[in-house]
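Results of the structural survey
Listed below are the residues making up each chain.
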Amino acid sequence: MTRADGMARRAARGVTRSRFLAGLLALAGLGFASLPAGAQAYPTRPIRAIVPFAAGSATDIVARAFGDRMSQALGQPIVIENRPGANGLIGADAAAKAQPDGYTILIGTNSTNAAAPALFNNVPFDMFKDFQPVSFLCSVPLIVAVSNAVPARTLGELIQYARTRNDLTFASASASQRVSTEMLLAMTGIKMTHVPYRQGPTAMQDLIANRVTLFTADLGVMLPQVRASTVRALAVTSAARSPQVPDLPTVDEATGLKGYELIAWFAMFTPANVPPEVVAKLNDAVREAAKSPELQAALTAALGMLVEPSSPEELATRVREEAAKWLQAATVAGIEKQ
């Protein structure tokens with residue numbers, strides 16, 4: 001073989017190797033090209049978390065606890081935006097209509113993502129079609145409480161007291177608050193006038209001031225007031241007693257009823273059609289946040305919330321089951337759609 005032939009063969013091998021490497025790079029490029037624009041490095045800017053209830057509400061507390069820890073996992077801040085009103089429908093609708101790019105998330109609840117169709121005729125979104133589930137976050141029982149001015153010391157005494165009066169009222173600022181109380185009234189045969197509120201903290205202020213008789217709200221909102229003795233707790237709405245208030249009976253225990261149970265829950269959603277890679281990153285960040293001792297202390301130890309992240313598929317199944325449950329609860333309570 002001549003020197004020229006050797007040089008030609010080496011050149012040919014070089015071309016072949018270059019083409020092979022180019023092919024590998026092209027295949028790798030196809031993988032990245034399959035990701036939607038912006039998904040490769042997501043997130044590259046702050047994420048907006050819409051909270052459909054007021055600052056200081058349980059949903060707000062959950063959003064801020066998870067948002068702080070998720071920001072660390074994602075490397076971008078999660079900015080809380082409170083959009084209260086219409087039992088959470090205003091904020092949820094804003095999230096449903098946001099761009100499906102992963103930069104808007106909804107901290108949804110049983111009010112916005114399960115009970116709404118059972119309570120309202122004109123829900124501005126379809127909770128099954130307009131949202132992409134990301135992860136379940138946590139759940140918490142509610143506390144039935146009355147103003148300190150009410151003479152009843154127990155739920156049984158309140159029921160007897162209510163049967164002699166026609167001027168008692170109850171407050172609500174969300175579906176869980178209203179349905180839990182309406183169901184209690186229906187199952188015990190007593191009557192109170194419903195006073196709707198735009199924000200839970202305002203309802204709490206009026207309970208403390210004795211402007212309403214009764215308010216049923218989750219532990220996140222109610223527990224600080226119970227511990228401060230500014231309101232009187234009568235029962236929890238869960239099937240079992242809460243470790244945070246172990247001396248407080250369940251509604252079933254306090255009344256002799258069977259089968260009363262209604263709890264509040266919180267979950268994360270995005271608008272529909274967000275890229276699955278983005279949903280997966282958000283889900284991973286939720287799971288990482290849930291491991292945080294600080295989050296566990298803030299939500300579980302302090303407020304009695306059960307933190308239990310899920311897969312998007314598990315949350316989708318749970319939403320459908322909860323929608324059926326809340327429809328049944330609203331029917332038992334005799335609530336007419338508004």
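1. Regarding the confidence of the model for the chain
Across the chain, the average pLDDT comes to 89, with 88% of residues at or above 70. With pLDDT under 50 throughout, residues 14-35 is counted as low confidence; its partners more than four residues away or in other chains account for 3 contacts.

2. Looking at the pairing of strand 8 (residues 231-236)
Most of strand 8 is tucked away: 6 of the 6 residues are buried. Direction of pairing for strand 4 (residues 131-147) relative to strand 8: antiparallel, over a ladder of 5 bridges. Paired with Ser147 across the bridge in strand 8 is Val231.

3. Thoughts on helix 5 (residues 155-162)
Buried within helix 5 are the following residues: Leu155, Leu158, Ile159 and Ala162. Across the axial projection of helix 5, the buried residues extend over an arc of 100°, all falling on one side. Next to the buried residues of helix 5 lie strand 4, helix 6 (175-188), strand 7 (214-218), strand 8 and helix 9 (251-255).

4. Considering the pattern of salt bridges
Side chains bearing opposite charge may pair, as long as their charged atoms lie close to each other. All chains considered together, the criterion is met by 11 salt bridges. Asp93 is the salt-bridge partner of Lys97, the closest N and O atoms lying 2.4 Å from each other. On the basis of relative accessibility, which here comes to 56%, the residue Lys97 falls in the exposed class. On the basis of relative accessible area, Asp93 is assigned to the buried category, the value being 18%. Residue Glu288 is joined to Lys291 by a salt bridge in which the shortest nitrogen-to-oxygen separation is 3.8 Å. Its relative accessible area of 45% is what places Glu288 among the partly exposed residues. By relative accessible area, which is 61% here, Lys291 ends up exposed. Here the salt bridges share partners, and the residues they tie into one network are Arg48, Glu81 and Arg83.

5. Details of helix 10 (residues 276-290)
Taking 1.5 Å per residue as the helical rise, helix 10 with its 15 residues ought to reach 21 Å, and the 21 Å between its terminal C-alpha atoms agrees with that figure. Those residues of helix 10 not exposed but buried are Val278, Val279, Leu282, Asn283, Ala285, Val286, Ala289 and Ala290. On an axial view of helix 10, the arc spanned by its buried residues comes to 160°, and they lie on one face. Of the exposed residues in helix 10, those oriented more than 90 degrees away from the buried face are Pro276 and Asp284.

6. Regarding the packing of helix 2 (residues 58-74) against helix 11 (residues 293-303)
Helix-helix packing is described using two parameters, namely the angle between the two axes and the distance between the axes. With their axes 9 Å apart at the nearest point, helix 2 and helix 11 run at an angle of 160° to one another. With respect to their mutual orientation, helix 2 and helix 11 come out roughly antiparallel. Considering how the two elements wind past one another, helix 2 and helix 11 form a crossing that is left-handed. Residues Ile61, Val62, Ala65, Phe66 and Arg69 of helix 2 form the contact with helix 11, whose own contacting residues are Glu294, Leu295, Leu299 and Leu303. Across the contact of helix 2 with helix 11, the residue classes tally to 7 nonpolar, no polar and 2 charged.

Parameters and conventions
- Residues numbered from 1 in each chain as written.
- Predicted model: local features only at pLDDT ≥ 70, side-chain atom pairs only at ≥ 80, totals over all residues.
- Heavy atoms only, no water.
- pLDDT = per-residue confidence, 0-100.
- Contact = heavy atoms within 4.5 Å.
- Buried < 20%, exposed > 50% of the residue type's maximum accessible area, 1.4 Å probe, protein only.
- Helix = DSSP H or I, 4+ residues; strand = E, 2+ residues; numbered from the N terminus.
- Pairing = 2+ DSSP bridges.
- Arc of directions from axis to C-beta.
- Salt bridge = Lys/Arg side-chain N within 4 Å of Asp/Glu carboxyl O.
- Expected span 1.5 Å × (residues − 1).
- Axes fitted to C-alpha atoms, helices over the stretch in contact; angles between N-to-C directions.
- Parallel < 35°, antiparallel > 145°, perpendicular 65-115°, else oblique.
- Left-handed = near helix turned anticlockwise from the far one by under 90°.
- Nonpolar A, V, L, I, M, F, W, Y, C, P; charged D, E, K, R; others polar.

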